[in-house]
Amino acid sequence: MQPYLRQAFLCLSCGDCIVRLCTDLGSGLTNAAPPLFRRRTMAKGRKRSNEPKGRKITLKMAKLALKLTMDGKRRLDLSNMEIAIFPKCILKLCDVDELDLSRNLLKKLPNSIDKFVNLRWLDLHSNQLDHIPEAIGRLQNLHSLNLCNNHLSTVGLPSEIGLLRKLRSLNLGMNVLERIPSSIAGLKELRHVALFNNLLTREPDCLRNLPHLESVNLKCNPIPPEDDKGTGAVRRVECLYLVKESCLCASCLWKVKEDRRKVDSWLSEDHSHRKSRFSGMITPNSVAQEDQVTWR
């Protein structure tokens, strides 16, 4: 029986150690059997990283992402770039007016977000944020904040959001909010609020007395229907707007007056052709009512 020798082969490309059985044929060693086992080894100096994988943004890339809006504002558009960690390099561009970090992999925002003191528009929708830092309340020029489609819960939304005195649009839809901070009642300039697809069980009281509020989207929340008080469902089918004549252009003013003339004409014709009513007579049905004059 030929003696067997063990020979180890180390793969330089992947770091795998392979042990084979070899036979000594006098002139050299040849493989005599398939591998007995395969053991995965890690190359020296390599460490596992717990940091989320994502695309790294450099200052040069950020500068190339600068855009000019139609109204002359500077926008930094870093949307849909697989960013997992807030790029510190963009703090050197903190004088921008608008920042778009939507559709990325962000899980948290740094406190240094308050460096964007000129920011009026911040879009963070479709990330993985579960917490917003208190520093968000120092963005005093912010007009629009979009936090839709994240992982925000009630504890992840700070009360400092109520310090954004110039905020007009707030989108908190598609999160896991059971309630919103009561400090939002201090946002007197707020016009539009989106709270759809959350876990709200009642309409937030802090929204009731906002003077300029125009729309609130509460769709797809587990809010129970109001108790039926016997008044029946009231459905608004038309809106009535009252304006001064001086606010209308010539064509609109002519149209309004023409419509009013038609209504007045219809009312006058209807009054002149109104049928006589006979209160002292009992009519069995509508057909008999048509013949009241004849009966008289």
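All chains use their own residue numbering, which begins from 1 and follows the written sequence. Residue-level local features of this predicted model are given only where pLDDT is at least 70; pairs of side-chain atoms are given and counted only at 80 or more, and the full residue set underlies all totals for whole chains, interfaces and linings. Only hydrogens and water are set aside when side-chain values are computed; all heavy atoms of the structure are taken into account.

What follows deals with the confidence of the model for the protein chain. The predictor's confidence in any single residue is recorded as pLDDT, a number from 0 to 100. Averaged over all residues, the pLDDT of the protein chain equals 78, while 66% of them reach at least 70. Below pLDDT 50 for its whole length, residues 1-43 participates in 65 contacts with residues either more than four positions away or in separate chains. Two residues form a contact once any of their heavy atoms are found within 4.5 Å. Every residue in residues 227-239 scores below 50 in pLDDT, and together they form zero contacts with partners more than four places removed in sequence or on other chains.

Right, let's talk about the packing of aromatic side chains for a bit. Each Phe, Tyr or Trp ring, with Trp reduced to its six-membered ring, pairs with another whose centre is within 6.5 Å; inter-plane angles below 30 degrees give stacked pairs, above 60 give edge-to-face pairs, and intermediate values give tilted ones. In this structure the tally under the stated criterion is zero aromatic pairs. Over the ring of Trp-121 we find Arg-75, and its NZ or CZ is 4.3 Å from the ring centre. Only when the NZ of Lys or the CZ of Arg is both within 6 Å of the ring centre and within 35 degrees of the ring normal is a charge said to sit over the ring.

The subject of this paragraph is the side chain of Ser-79. Residue position: Ser-79 is located in the loop between β6 (74-77) and β7 (98-100). Note on Ser-79: relative accessible area 14%, which makes it buried. Ignoring sequence-local partners within four residues, the contact set of Ser-79 consists of Asp-100, Ser-102, Arg-103 and Asn-104. The helix count covers DSSP runs of H or I at least four residues long, the strand count covers runs of E at least two residues long, and both are numbered beginning at the N terminus. When a residue's accessible area, from a 1.4 Å probe over protein chains only, is under 20% of the maximum for its type it is buried; when over 50% it is exposed; and in between it is partly exposed.

This part covers the environment of Glu-178. Mapping Glu-178 onto the fold places it in the loop between β10 (169-171) and β11 (192-194). Expressed as a C-alpha distance, the spacing of Glu-178 and Leu-200, which sit 22 residues apart in the sequence, is 4.6 Å.

Only strands joined by at least two bridges in the DSSP assignment are considered to pair. Sheet architecture is open: eight strands sit in the order β5-β6-β7-β8-β9-β10-β11-β12, paired in mixed fashion. At either margin of the open sheet sits one strand with a lone partner, and together these are β5 (66-68) and β12 (215-217). Each neighbouring strand pair of the sheet contributes to a mean axis angle of 10°, computed without reference to strand direction. The sheet contact formed by β11 and β12 spans three bridges and is parallel. What sits directly across from Val-193, in β12, is Val-216. Note on definitions: angles span 0 to 180 degrees between N-to-C directions of axes, and those axes are lines fitted to C-alpha atoms, for helices only across the stretch in contact.

Time to look at a nonpolar patch on the surface. Residues qualify for a patch when their relative accessible area is over 30% and they have no salt bridge, like charges being joined within 9 Å and the nonpolar side chains of Val, Leu, Ile, Met, Phe, Trp and Tyr within 5 Å. All accessible-area figures derive from a Shrake-Rupley calculation using a 1.4 Å probe, and residue coverage is judged against the displayed protein chains alone. Think of a salt bridge as a Lys or Arg side-chain nitrogen and an Asp or Glu carboxyl oxygen that are within 4 Å of each other. Where nonpolar side chains cluster on the molecular surface, the patch consists of Val-263, Trp-266 and Leu-267 and spans about 320 Å² of accessible area. Of note, Val-263 is situated in helix α2 (residues 250-272). Under the relative-accessibility criterion, Val-263 is labelled partly exposed at 42%.

This part covers unusual backbone geometry. The phi dihedral of Glu-82 falls on the positive side, at around 60°, and the residue is not glycine. Secondary-structure assignment places Glu-82 in the loop between β6 and β7. Residue Glu-82 is classed as exposed on the basis of its relative accessible area of 55%. Positive phi outside glycine occurs at Arg-103, with the angle close to 55°. With respect to the helices, strands and loops of the structure, Arg-103 is situated in the loop between β7 and β8 (121-123).

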